[in-house]
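# Fold and geometry: a report
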Amino acid sequence: MGVLSSSSSSSSLAASGMVKSESTRWKSRRRWSAEKKCSARDLPLLDMPEDDASGESREAFARDLRRACSESGFFYLKPPKSLFGEEENEAIFEAAKSFFALSMEEKMKMDYANSPQFRGYVSLGLENTRGKIDAREQVEFGVHSAPKRRKDMTHFYERLIGENQYPSNEFEETMEKFIDRMDAISRQLTRYLALSLELEETYFDYMFAEQPNMQMKICKYPIAIDGGESSFGVGPHTDTSFVSILLQDDVGGLQVEIEKDAWIDATPIEGYFVVNIGEMLQIMTGGYYKATPHRVLSPTSKSIDENKARLSIPYFWNPRLDFVAKVDGEITKKGFSTAIEERSETSNENRIINAYGENAFKSFARSHPVVMRRHHSDLVMNPDGSITSPSSSIL
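Attention in this report is confined to the structure presented alongside it. (Residues numbered from 1 in each chain as written. Predicted model: local features only at pLDDT ≥ 70, side-chain atom pairs only at ≥ 80, totals over all residues. Heavy atoms only, no water.)

### Description of the packing of helix 2 (residues 55-71) against helix 5 (residues 169-196)
For clarity, the cut-off: An axis is simply a line fitted to the C-alpha atoms; with a helix, the fit covers only the stretch in contact. Between two such axes, the angle follows the N-to-C directions and lies from 0 to 180 degrees. Under the DSSP-based scheme used, a helix requires at least four consecutive residues in state H or I and a strand at least two consecutive residues in state E, with every element numbered from the N terminus. Reported orientations rely on four angle classes, namely roughly parallel under 35 degrees, roughly antiparallel over 145, roughly perpendicular from 65 to 115, and oblique for the rest. The contact criterion used is simple: two residues touch if any of their non-hydrogen atoms lie within 4.5 Å. All amino acids are sorted into three groups, where Ala, Val, Leu, Ile, Met, Phe, Trp, Tyr, Cys and Pro are nonpolar, Asp, Glu, Lys and Arg are charged, and the leftover types, Gly among them, are polar.
At a minimum axis separation of 8 Å, helix 2 and helix 5 run at an interaxial angle of 80°. As far as their axial angle goes, helix 5 and helix 2 are roughly perpendicular. Contact with helix 2, carried on its side by Arg58, Phe61, Ala62, Leu65, Arg66 and Cys69, involves Leu189, Tyr192, Leu193, Leu195 and Ser196 of helix 5 and no other residues of that element. Considering only residue class, the contact of helix 2 with helix 5 consists of eight nonpolar, one polar and two charged.

This is the structure we're talking about:
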């Protein structure tokens, strides 16, 4: 089912001028005023239309989405009740809490160091962002499938194809159900993103088809043990994804670099995900939709009412591994201009690679040197983050 009624299309959006309209109604942290912009240090709050919503409501959402993606690259999103509800929310957090409550011995049975695909349990202090240790423990998931044999591979990034690790069948069932829900939300959002750029709603479908290389984590950020001063749970970074969708508890800590060196809190709002644009979509729109740097501050005893850790579940909606992103002429010819300055993320020290599989592998390789040494010692990481395969071991 399409996201617009049969009488609506991208051509109707363009004809009415609604996509480029600046009279969009916005919402603040509780509701935006019509005049307020993201530069005013706030993030928009968007409600994805329900299945039975009018064409006008769906068009208004696409318009609001365009403004959010071009001004901040970050926004709050409430999905339709048909796609995600309180039952799913409670189930995933209960599963996360139960896992992190296990003994270290039990958790280490899922040690990610045993997975060439970087899947499984990552204990506190093993992951890093730009060389600085992240203060969190987590479980990494991807598309659960049989790994390829090296002799059947054509590119080194196919090493990312493989199986997840689970502590129990019940846990696996909860994770896979959540992943299915997030797949549905992501596909619906992707169609609205196409409409927001005056494209047919199915325009981006080819990037994903039946083989999106989704990634998901359940994360626990412990209380900082530095006397109450904040430290990084995760350092500043952008995501390699098309879009990323975050479900977080009420502790907080996520911050967005809304302007150069100006960080704001993405405060948890009940019933809403936090969504951000990834590097693949930024490339395709020539920077018009931007992958905005963000970070997580560790919770402290001074920052929350209870002495509890932060839990979050980030879901990364990624294209198929062999997808190569490039500036899309169908987008730029419509007059959309780059609305941001080049970020440090595109520097020689950490350049964005337009081949998605290579960009994704770069991110894993930099953050998880333990897995690289154990399973991929034949690959060479260059100073800019790109990976080189010696001709004798290209796979």
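After that view, the rundown keeps rolling.
### Focus: the sheet that holds strand 12 (residues 273-277)
Within a sheet, each strand pairs with its neighbour through backbone hydrogen bonds, oriented either parallel or antiparallel. How we decide: Only strands joined by at least two bridges in the DSSP assignment are considered to pair.
As summarised here, the arrangement of the eight strands in space is 1-2-12-9-14-7-6-3, forming an open sheet in which the pairing is mixed. In the strand order of this sheet, the two ends are held by strand 1 (45-47) and strand 3 (120-122), each with one partner. The sheet shows a mean angle of 25° between the axes of neighbouring strands, direction not considered. Where strand 9 (residues 243-248) and strand 14 (residues 310-317) come together, six bridges link them in antiparallel fashion. Looking at strand 14, one finds that Ile245 is bridged to Tyr315.

### Digging into the pairing of strand 6 (residues 137-142)
We apply this condition: Throughout this description, buried means an accessible area under 20% of the type-specific maximum (1.4 Å probe, protein chains only), exposed means over 50%, and partly exposed covers the range between.
With six of its six residues buried, strand 6 lies for the most part within the structure. The alternating pattern of strand 6 places Glu137, Val139 and Phe141 and Gln138, Glu140 and Gly142 on opposite faces, both of which are buried. Judged from the three bridges that link them, strand 3 and strand 6 form a sheet pairing that is antiparallel. Across the sheet, the residue bridging to Val122 is Gln138, located in strand 6. Across six bridges, the pairing between strand 6 and strand 7 (residues 215-221) is antiparallel.

### Quick word on helix 3 (residues 86-100)
Test applied: Helix span, as expected, comes to 1.5 Å for every residue beyond the first. The directions from the helix axis to the C-beta atoms form the arc being described.
Under the 1.5 Å per step criterion, the end-to-end length of helix 3 is 21 Å for 15 residues, consistent within 8% with the ideal 21 Å. Buried within helix 3 we find Glu88, Asn89, Ile92, Phe93, Ala95, Ala96, Phe99 and Phe100. The buried side chains of helix 3 occupy one side of the element, clustering within an arc of 155° when seen end-on.

### Comments concerning the nonpolar core
The condition that has to hold: Among buried residues, the Ala, Val, Leu, Ile, Met, Phe, Trp, Tyr and Cys ones that are joined through side-chain atoms within 4.5 Å form a nonpolar core.
Membership of the largest hydrophobic core comes to 79 residues, with the highest contact counts inside it found for Leu193, Phe204, Met216, Ile218 and Phe242. No other element matches helix 5, which puts eleven residues into this core. In this structure, Phe204 is in contact with Thr190, Leu193, Ala194, Leu197, Leu199, Phe242, Leu281, Met284 and Ile331, ignoring residues within four places of it in sequence. Counting residues in each nonpolar core, the second largest holds 17 residues, with Leu43, Leu246, Ala266 and Ile269 among its members.

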